[in-house]
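The primary structure of each chain is shown beneath.
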Amino acid sequence: MNQTKYIFVTGGVTSSLGKGIIAASLAKLLQARGYRTTIQKFDPYINVDPGTLNPYEHGECYVTDDGAETDLDLGHYERFLNVPTSQANNVTTGRIYLSVIEKERRGEFLGKTVQVVPHITNEIKDRMQLLGNSGDYDIVITEIGGTVGDIESLPYIESVRQLVWELGEHNGIVIHLTLVPYLAAAGELKTKPTQHSVKTLMESGIKADILVCRTEHEITEELRNKLALFCNVKREAVIQSIDASTIYEVPNLMLEEGLDVVALKKLDLPKKAAPDLKNWNIFLKRLKNPKHTVNIGLVGKYVEMQDCYKSILEAFIHAGAANETKVNVISIHSEHIDASTIKEKFANLDAILVAPGFGERGIEGKIAAVQYARENKVPFFGICLGMQMAVIEHARNVLGYSDANSTEMNAHTAHPVVNLMEEQKTVTDKGGTMRLGAWKCDIKKDSLAYKIYGTDSISERHRHRYEYNSSYIEQLHNAGLLATGTNPDTGLVEIVEIKDHPFFIGVQYHPEYKSTVANPHPIFVNFVAAAVQAKKK
Ligand code: GLN
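Reference entry: report on the structure contained in this document. (Residues numbered from 1 in each chain as written. Predicted model: local features only at pLDDT ≥ 70, side-chain atom pairs only at ≥ 80, totals over all residues. Heavy atoms only, no water.)

As a further point, take helix α16 (residues 385-397). In this model, α16 (13 residues) spans 18 Å end to end at C-alpha, consistent with the 18 Å of a helix rising 1.5 Å per residue. In terms of burial, α16 is largely enclosed, as 12 of its 13 residues are buried. Listed in full, the buried residues belonging to α16 are L385, G386, M387, Q388, M389, A390, V391, I392, E393, H394, A395 and R396. (Helix = DSSP H or I, 4+ residues; strand = E, 2+ residues; numbered from the N terminus. Expected span 1.5 Å × (residues − 1). Buried < 20%, exposed > 50% of the residue type's maximum accessible area, 1.4 Å probe, protein only.)

Quick look at the structure:
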């Protein structure tokens, strides 16, 4: 097949309808039919990437192998498709403008007035076709962030209109995701918001090919016909997306509704074989029929907002299914932990995870959580800042360096067991300047990490500025904190463990980003297994 086909997913009525999940589910079905499919997201905000955003704004920042700091929807794409994404899969308005303005400064526009149309829209269209032009994909799904009608979405909507026109019939289609709300007082589902949203889209010159309608109740045949008639789509192209018990159910729901078949028909592509979802459904079956239940404490400071730890929560779902175990993740605010409350707060936990994070707020609670896990032999897993807290805790409570700290929290500590990497010391820009993306790590044989990974060489994704200070490795090793994973090129410590403990591991990287339905992350899988064992005792 030569022509890459494009599917654009727009959203109407309200945000948070789950465009990312619909895009990922459709991609999953197309992939399972044998099409090489990828998904990309275009976000209308002016930050060049989400790396500088507070997690409370848009949830976690997801990091790709190539070190891009991206929207958390890319995490869903990887978890569903099990194919790595890259910088090209996430573009923001900030990035578009930055690149157009840089071109202007270089004189590339040859004296022309630089305008939204055509310069910004051309840049958007070029980037929309970047992955498609690589030849690696048969189908590219592009999710447009925001809601149709927003001022800031306009250049994207116009670019979609132009591209669908340029690509020609059957090569580019638009799926519009809307809400069909239920009015309890009237006892009815309402189609009017969808009609208005489709109308707004049409005012921009785009005719939706497929409508996906989010709903809490079954949409009747009569309503489907009404939606088709008033929204100008075929009856078969009115797809219901009803609330599901888990996002991993959505590909099956979309299969039942025929979303993939309608899309293929519109793109004039053969259905090929029925989607092979065998392994996916084995995972779902295990997820829905757990034999055990464990409580795992997630100690962090962003616990008020679930999306801040999205990849960690999803990795627990994958690892739970692998262990046929329901993992209750108990969020514990690190600012609410102190010596007087910790016993009571942690009494019901079968394992403790100390989360990644930045800045001083809540770190004493995290250190107390590590100490509790170490002393009470509760399975422990520290990620990034969580690993750094394990180093600090050991230095303070085992070596007796009571002021040991990270220079991120206390620049003047006499015992900087975690400090800034040399090359970070001169960095002043915040965006895209951390240690980012995939780095290799060598693992010592005869370690927990080796048992978990089953190999002595791994690659994991990073996002941090500070590191375990190598001048303390030997002292801490002698005090029982083993460095079992190191970067082969720099010698930086990536993994720490404690020997006489049922399960204690801290990692400088973010394993949660690489956990997928097809490949649950081995640390999470083993950590959940350790929690099951701890509970039995
Ligand atoms: N704040 C720490 C650092 O920059 C840890 C970052 C993280 O947990 N992602 O090194």
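Moving on to the site of the ligand. In the neighbourhood of the ligand, the contacting residues comprise P356, G357, F358, C384, L385, Q388, E408, R463, H464, R465, Y466 and H510. Taking R463, its main chain carries an N or O atom lying 2.9 Å from a nitrogen atom of the ligand. Within the backbone of Y466, one N or O atom sits 2.8 Å away from an oxygen atom of the ligand. Within the complex, the protein chains bury 99% of what would otherwise be the 300 Å² of accessible surface of the ligand. Looking at the shell around the ligand, the elements that each hand over two or more residues are α16 and β19 (457-464). Residues of the shell around the ligand, tallied by class, amount to 5 nonpolar, 4 polar and 3 charged. (Near = heavy atom within 4 Å. Polar contact = N/O pair within 3.5 Å; in protein donor to acceptor, adjacent residues only side chain to side chain. Areas by Shrake-Rupley, 256 points an atom, 1.4 Å probe, with all protein chains shown as cover. Nonpolar A, V, L, I, M, F, W, Y, C, P; charged D, E, K, R; others polar.)

Taken together, the 9 strands give an open sheet; going across it, the order is β13-β12-β14-β15-β23-β22-β21-β18-β19, and neighbouring strands pair in mixed fashion. Strands with a single pairing partner mark the edges of an open sheet, and in this sheet they are β13 (325-333) and β19. Neighbour-to-neighbour, the strand axes of this sheet turn through a mean angle of 30°, independent of strand direction. Of the pairings in the sheet, the one linking strand β15 (residues 380-383) to strand β23 (residues 504-507) comprises 4 bridges and is parallel in character. Residue pairing in the sheet places I383 in a bridge with V507 of β23. Across the face of the sheet, helix α15 (residues 363-375) comes into contact with β12 (292-300), β14 (351-354), β15, β22 (493-498) and β23 while running at roughly 150° to β14. The sheet strands contacting α16 are β14, β15, β21 (481-486), β22 and β23, and the helix crosses β15 at an angle near 115°. (Pairing = 2+ DSSP bridges. Axes fitted to C-alpha atoms, helices over the stretch in contact; angles between N-to-C directions. Contact = heavy atoms within 4.5 Å.)

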